[in-house]
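Residues per chain, in single letters:
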Amino acid sequence: MDSAFLLLLGSSLGRFLSRDQGEPRTPWVVALFTAFGVLYVLGRLLAPAPRPGTRPAARHLAWLGAVSTVWAGLLVLAPSATWCAMPLLFTGLQTLPARTAVPLAAGLTVLVVASELRVARGGHGGHGAFNPNVVVAPLAIAAVATAVLVHLQRQAARQRALIDDLVRTRRELAATERRAGVLAERQRLSTEIHDTLAQGLSSQGMLLQAADRMWSTEPDTARRHVREAAGIASRSLTEARRFVHDLAPADLAERTLAQALHTLAERASGEGLTVDFRLDGTPGPLPERVAAALLRIAQGALANVREHAWATRAALTLTCLEDQISLDIADNGRGFDTDRRAGPDGGRGHGLPAMRVRARQSGGTLTVESTPGEGTVVSASVPLAP
């Protein structure tokens, strides 16, 4: 559309210069043509069209009104600018709601017809012979263009509604599956605990009670019961450690935290988002709860980046010092106002609060720095015992 505008603007200016060169108004018309073109280009750069389905910004509406006004003034002096109305027509129809776009299209069409009739009557190089096409053609073109674009707008609105329904249904299904998975895992753990730890503790209690009763009369038997109870306690401790290991993130089962974060960055890249991982310092052995918390924070932050930030690049940085370890997740997305909203999802999501809880449970802190239009940085820092 922009290329069509520039082409029509150049041809209109060329036609004016070829027919009306030397008239006193020529410098003013050329200056107005130039201002018209500069205003159009600047508006497309500084006041871009809104995203489909969103309300046009005031800056975009002001630009559309200004460029239409300049075009109308230019039309009075140089009717050759008539066909520059087509890009303006399509720009207005694409970005404005139908109740505003249709009157705009009608107004532009009336100006085009009036200009063509003035030329047909002999003004500005006309020959005085009336041609009905100067009335019918603009009306037909405008009517067809308006009908097609309004239909496309409505069809796009229906598609967006269907997509929103599908996304909402998918999220509800994922939440249902997640709840079912949590319930199944709870059932599995309760069964495991009942069959191992609970049975072991029950056996220990019985053996120790028997040893207490026999300690004076049958000391050898009592000592045997104590040794058996100690063996059961050792096996129960092994089972408890196995439970803890099974509940840790799968990515940390056979990897270090740095390797898990590198894998996470590679997995999160795609669909217009590039995620880089950087390691500063040499990581030492970390408590499992600290490594798990930092990995979960990274996963939650990258989920926010993908769903809410509209970012193209993100970076994971793991910094290892002697007394602390920190993780930074930075993106170049749209950012948000940290004073007004708790997160990029509008302040009612659970992502950032959950990250803060994980950091606090590990003995650390989590900070969020963001500015609208300048991206977001989420930083988690956990102190390490010497």
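In this text the structure is predicted, and so the values were computed from the model without any measurement.

> Help me understand the environment of Leu 46, please; the structure alone is not making it clear to me.
As for its placement among the helices and strands, Leu 46 is situated in helix H2 (residues 26-46). As for Leu 46 and Arg 59, which are separated by 13 residues in sequence, their C-alpha atoms are 8.7 Å apart.

> How do you make sense of a nonpolar patch on the surface when you look at a structure like this?
Together, Leu 6, Val 38, Val 41, Leu 42, Leu 45 and Leu 46 give the surface a local cluster of nonpolar side chains, amounting to about 560 Å² of exposed area. Of all the elements, H2 adds the most residues to the nonpolar patch, at 5 residues. Looking at the secondary structure, you find Leu 42 in helix H2.

> Sorry, what's going on with the packing of aromatic side chains here?
Within a pair of aromatic rings, the relevant descriptors are the distance that separates the centres and the angle that separates the planes. Considering all chains together, one arrives at 1 aromatic pair under this definition. In this structure, Arg 223 packs its charged tip against the face of Trp 215, placed 5.7 Å from the ring centre. The positively charged end of Arg 334 is found above the aromatic ring belonging to Trp 310, 4.5 Å away from the centroid.

> Explanation requested: the confidence of the model for the chain in the structure shown.
Keep in mind that low pLDDT regions are not for reading the predicted coordinates in detail. With 83% of its residues at a pLDDT of at least 70, the chain reaches an overall mean of 79. Under a pLDDT of 50 for its full length, residues 124-128 has, in the predicted model, 13 contacts with residues more than four places off or in other chains. Segment residues 342-348: pLDDT under 50, and 13 contacts once partners within four positions in sequence are set aside and those in other chains are kept.

> Explain the packing of helix H9 (residues 288-309) against helix H10 (residues 351-361) to me, please; I cannot follow it from the model alone.
Two measures define how a pair of helices packs: the angle their axes make with one another and the distance between the axes. Viewed as axis vectors pointing N to C, H9 and H10 meet at an angle of 165°, and their least axial separation amounts to 9 Å. The angle between H9 and H10 places the two elements in the roughly antiparallel class. In the crossing of H9 with H10, the sense of the turn from one axis to the other is left-handed. Residues Arg 289, Ala 293, Arg 296, Ile 297, Gly 300, Ala 301 and Asn 304 of H9 form the contact with H10, whose participating residues are Gly 351, Leu 352, Met 355, Arg 358, Ala 359 and Gln 361. Broken down by class, the residue content of the contact of H9 with H10 amounts to 6 nonpolar, 4 polar and 3 charged.

The rules behind these values
Residues numbered from 1 in each chain as written. Predicted model: local features only at pLDDT ≥ 70, side-chain atom pairs only at ≥ 80, totals over all residues. Heavy atoms only, no water. Helix = DSSP H or I, 4+ residues; strand = E, 2+ residues; numbered from the N terminus. Patch = residues over 30% accessible without salt bridge, like charges linked within 9 Å, V, L, I, M, F, W, Y side chains within 5 Å. Areas by Shrake-Rupley, 256 points an atom, 1.4 Å probe, with all protein chains shown as cover. Salt bridge = Lys/Arg side-chain N within 4 Å of Asp/Glu carboxyl O. Phe/Tyr/Trp six-rings, centres within 6.5 Å; stacked < 30°, edge-to-face > 60°. Lys NZ or Arg CZ within 6 Å of the ring centre and 35° of its normal. pLDDT = per-residue confidence, 0-100. Contact = heavy atoms within 4.5 Å. Axes fitted to C-alpha atoms, helices over the stretch in contact; angles between N-to-C directions. Parallel < 35°, antiparallel > 145°, perpendicular 65-115°, else oblique. Left-handed = near helix turned anticlockwise from the far one by under 90°. Nonpolar A, V, L, I, M, F, W, Y, C, P; charged D, E, K, R; others polar.

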